[in-house]
Amino acid sequence: MVQFLDGPQGRRIAWNGVAGRGPGVVFLGGFRSDMQGTKALWLEDWARARGRAFLRFDYSGHGQSSGAFEEGAIGDWLADAHAVIETLTEGPQVLVGSSMGGWISLLVARALPGKVAGLVTVAAAPDFTQRGFWQGFSADQRAALLRDGRVEIPSDYDDGPYVITRRLIEEGRAHLVLDRPLDLACPTRLLQGTADADVPMSWALDLLAHASGPDLRLVLVKGADHRFSSPDCLDLIGRTLDEVIERAGRAGQAG
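Residues numbered from 1 in each chain as written. Predicted model: local features only at pLDDT ≥ 70, side-chain atom pairs only at ≥ 80, totals over all residues. Heavy atoms only, no water.

Chemist: Would you mind showing me how to read the overall build of the protein chain here?
Modeler: Within the protein chain, the secondary structure is distributed over eight helices and 10 strands. Computed over the C-alpha atoms, the radius of gyration of the protein chain is 17 Å, within 12% of the 18 Å expected from 2.2 N^0.38 for a compact globule of 255 residues. For the protein chain, the C-alpha atoms occupy an extent of roughly 55 × 40 × 35 Å along the three principal directions. For the protein chain, the residues scored as buried account for 53% of the 255 residues in total. On the protein chain, roughly 11,200 Å² of surface is accessible, and the fraction owed to carbon and sulfur atoms is 50%. Distance between charge centroids for the protein chain: 4 Å, based on 26 positive and 32 negative side chains. (Helix = DSSP H or I, 4+ residues; strand = E, 2+ residues; numbered from the N terminus. Rg over C-alpha atoms; globule rule 2.2 N^0.38 Å. Buried < 20%, exposed > 50% of the residue type's maximum accessible area, 1.4 Å probe, protein only. Areas by Shrake-Rupley, 256 points an atom, 1.4 Å probe, with all protein chains shown as cover. Lys, Arg positive; Asp, Glu negative; His and termini not counted. Charge placed at Lys NZ, Arg CZ, Asp CG, Glu CD.)

Pasting the structure below:
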């Protein structure tokens, strides 16, 4: 059953959780996605089968949460993630961040290292507002964005175009992760498809090269697309989570 958390700035955040043992798993979805997606629901079943705590949620302006999507920005959705993790979970969590959720999970791991036992990213898109949208815009699109405060771009996933706002671009610059050191002290796995048309494989290689950590690996899946939701890809996410949780337990015992 969907529940609601009164989050930052009065935003109501929709969430759904499964009680179980820790470390719990928190799923952070992508740009314009919601907690009813294939990966979120598959992971909930995965967690139930193992008796493990699990949480999925909608950022404000997404899914069943309050707010308008076009009014949001990375900092808002990061604040939503902080509120959910700090309020609704107990003890360290393993974060699974998909696409934009990969970026937000990296920001959470940087800000709350004691709360993150492990990290699995799927087609992570760190800094995509800058290196994807802004750097990919034509001169005319940049001029329109600065003049009108918004620009529309085609979408392969929805009926209508994406509206990209000037605030999304400018506010995103305050949350970049590839322009400063990124130390990931927990077991971290980066999963990436080679046929991803939205997040280039080179971005995963850039993230691997940039981040530091004692247990950091990149897994490339030949032919996998951005959705990363085929049976084989979902099985890989589950097996990767099992590995990260096991390694996080060993790290905790050693500490």
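Chemist: When you look at the environment of Ser229 in this model, what are you seeing that I'm missing?
Modeler: Relative to the helices and strands, Ser229 is located in the loop between β10 (216-221) and α8 (231-254). Put simply, Ser229 and Val26 are 203 residues apart on the chain and 17 Å apart in space, counted from C-alpha to C-alpha. Only 2.8 Å separates the side chain of Ser229 from the backbone oxygen of Arg227, close enough to count as a polar contact. (Polar contact = N/O pair within 3.5 Å; in protein donor to acceptor, adjacent residues only side chain to side chain.)

Chemist: Is there a simple way to think about the packing of aromatic side chains in this case?
Modeler: Each aromatic ring pair is specified by the distance between its two centres and by the angle formed by the two planes. Taken as a whole and assessed by the stated rule, the structure comprises 11 aromatic pairs. Both rings, one in Phe31 and one in Phe69, keep their centres 5.2 Å apart while their planes meet at 65 degrees; by these two values the pair is edge-to-face. Of this pair, Phe31 sits in the loop between β3 (21-28) and α1 (38-50) while Phe69 sits in the loop between β4 (52-57) and α2 (74-88), placing them 38 residues apart in sequence. As far as the burial class goes, Phe31 and Phe69 line up, both buried. With 5.8 Å between their ring centres and 15 degrees between their planes, Phe69 and Trp77 make a pair best called stacked. Ring pairing ties together the aromatic residues Phe31, Phe57, Tyr59, Phe69, Trp77, Trp103, Phe128, Phe133, Phe137 and Tyr162, which thus form one cluster. Geometry around Phe4 places Arg12 over its ring, the cationic atom sitting 4.3 Å from the centre. A cation sits over an aromatic face here: Arg173 above Trp134, 5.1 Å from the ring centre. (Phe/Tyr/Trp six-rings, centres within 6.5 Å; stacked < 30°, edge-to-face > 60°. Lys NZ or Arg CZ within 6 Å of the ring centre and 35° of its normal.)

Chemist: What is the right way to look at the sheet that holds strand β2 (residues 12-18) in this model?
Modeler: Sheet strands pair by backbone hydrogen bonding; their relative direction is either parallel or antiparallel. Read across the open sheet, the eight strands follow the order β1-β2-β4-β3-β5-β6-β9-β10; overall the sheet is mixed. Strand pairing shows two members of the sheet lacking a second neighbour, β1 (3-6) and β10, which therefore form its edges. Averaged over all pairs of adjacent strands, the angle between strand axes in this sheet comes to 20 degrees, irrespective of strand direction. Here strand β5 (residues 93-98) pairs with strand β6 (residues 116-122) via six bridges, running parallel. Opposite Gln93, over in β6, you have Val116 as the bridge partner. (Pairing = 2+ DSSP bridges. Axes fitted to C-alpha atoms, helices over the stretch in contact; angles between N-to-C directions.)

Chemist: Can you help me understand a nonpolar patch on the surface in this one?
Modeler: Together, Met201, Leu205 and Leu220 make up a nonpolar patch on the protein surface, roughly 230 Å² of accessible area in all. Of note, Leu205 is situated in helix α7 (residues 201-210). For Leu205, a relative accessible area of 42% puts it in the partly exposed group. (Patch = residues over 30% accessible without salt bridge, like charges linked within 9 Å, V, L, I, M, F, W, Y side chains within 5 Å. Salt bridge = Lys/Arg side-chain N within 4 Å of Asp/Glu carboxyl O.)

Chemist: Before we go on, may I ask you to explain the environment of Ala251 in this structure?
Modeler: Looking at where Ala251 falls in the secondary structure, it is placed in helix α8. Judged by its relative accessible area of 44%, Ala251 falls in the partly exposed class. In the structure, Ala251 is positioned 134 residues away from Ala117 in sequence and 9.1 Å away in space, judged by C-alpha atoms.

Chemist: Where do I start with the pairing of strand β8 (residues 162-165) in this structure?
Modeler: On a regular strand, one side chain projects to one face of the sheet and the next to the other, so that they alternate. Residues Tyr162 and Ile164 point to one face of β8 and Val163 and Thr165 to the other, with burial holding for every one of them. Pairing of strand β7 (residues 150-153) with β8, which is carried by four bridges, proceeds in the antiparallel orientation. Opposite Glu152, over in β8, you have Val163 as the bridge partner.

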